[in-house]
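Chain residues, written in single-letter form:
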Amino acid sequence: MPFYDLRCPKCGKEYNISASMADKAEKRIPCPDCGSLDLQTVYKAAPGVLKGSQKAPECPNRHICGAGCHHAG
Ligand SMILES: [Zn+2]
């Protein structure tokens, strides 16, 4: 079964929950903490993608430097 990142509005916590696609689609996944079925999907940005206001200076040669680039951040 796939894993989903879900946030409970009541608890304010995020959970990584394994559930069937049908359960996800029909909101049958209960919060592990309070049992609420009103969990919301958390869409996480792909690695390396930053939100506009938090954009860090990026090395123009990052594709060459890779993860060891000292210019990032
Ligand atoms: Zn909850």
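In the block above lies the structure referred to throughout.
Source: prediction; values computed, not measured.

Student: Hey, could you run me through the overall build of the protein chain in this one?
Tutor: For the protein chain, the helix and strand inventory stands at two helices and three strands. Counting helices and strands in the order they occur from the N terminus, the protein chain gives β-β-α-β-α. A fraction of 27% describes how many contacts in the protein chain between residues 6 or more apart in sequence connect residues 24 or more apart. Of the roughly 5600 Å² that the protein chain leaves accessible, carbon and sulfur atoms contribute 54%.

Student: Any chance you could explain the pattern of salt bridges here in plain terms?
Tutor: Side chains bearing opposite charge may pair, as long as their charged atoms lie close to each other. Within this structure, the stated rule accounts for five salt bridges. The partner of arginine 7 in a salt bridge is glutamate 14, with the nearest N and O atoms 2.9 Å apart. Several salt bridges share partner residues, and in doing so they unite Asp23, Glu26 and Arg28 into one network.

Student: Whenever I open this one, unusual backbone geometry confuses me. Can you help?
Tutor: Backbone phi values are negative for most residues with the exception of glycine, while trans is the configuration of most peptide bonds. Phi angles above zero are rare outside glycine, and lysine 27 is one such case at about 55°. Exposure remark for lysine 27: the relative accessible area of 43% places this residue in the partly exposed category.

Student: How should the coordination of the zinc ion be read in this particular structure?
Tutor: For a metal bound by four donors in tetrahedral geometry, the ideal donor-metal-donor angle is 109.5 degrees, whereas six donors in octahedral geometry ideally sit at 90 or 180 degrees. The protein atoms that coordinate the zinc ion are Cys8 (SG), Cys11 (SG), Cys31 (SG) and Cys34 (SG), at distances of 2.2 to 2.4 Å. Of note is the zinc ion, whose four donor atoms meet at the metal with angles of 104 to 115° in an arrangement that counts as tetrahedral. Sequence positions of the donors to the zinc ion reduce to the motif C-x2-C-x19-C-x2-C.

Student: So what exactly am I meant to see when it comes to the nonpolar core here?
Tutor: Tyr4, Leu6, Cys8, Tyr15, Ile17, Ala19, Ile29, Cys31 and Leu39 together form the largest nonpolar core, which totals nine residues. Looking at this core, the elements that each hand over two or more residues are strand S1 (3–7) and strand S2 (14–18). Apart from residues lying up to four places away in sequence, leucine 39 is in contact with Leu6, Arg7, Cys8, Pro9, Ile17, Lys27, Ile29, Pro30 and Cys31.

What counts, and at which threshold
- Just so you know, the residues in each chain are numbered from 1, in the order the chain's sequence is written.
- Local features in this predicted model are restricted to residues of pLDDT 70 or higher, and side-chain atom pairs are both shown and tallied only at a pLDDT of 80 or more, whereas totals for entire chains, interfaces and linings draw on every residue.
- Only heavy atoms go into the side-chain values, all of them from the structure, while hydrogens and water stay out.
- Only DSSP runs of H or I covering at least 4 residues are called helices, and only runs of E covering at least 2 are called strands; the numbering of each starts at the N terminus.
- Contacts between residues were defined by any pair of non-hydrogen atoms, one from each residue, lying within 4.5 Å.
- Each accessible area is a Shrake-Rupley estimate made with a 1.4 Å probe; only the visible protein chains count as cover when residues are assessed.
- Every case where a carboxyl oxygen of Asp or Glu lies within 4 Å of a side-chain nitrogen of Lys or Arg is listed as a salt bridge.
- For every residue, the accessible area (1.4 Å probe, protein chains only) is compared with the maximum for its type, and the residue is labelled buried under 20%, exposed over 50%, or partly exposed between those bounds.
- Here a donor is any nitrogen, oxygen or sulfur atom (N, O, S) within 2.8 Å of the metal, with 3.2 Å used for Na, K and Ca; water is not among the atoms considered, so some sites may look incomplete.
- Tetrahedral means four donors with every angle between 85 and 135 degrees, whereas square planar (four donors) and octahedral (six donors) require angles over 155 degrees between opposite donors and between 65 and 115 for all others; sites fitting neither are termed irregular.
- Joining through side-chain atoms within 4.5 Å is the link that ties buried Ala, Val, Leu, Ile, Met, Phe, Trp, Tyr and Cys residues into a set, and such a set is a nonpolar core.

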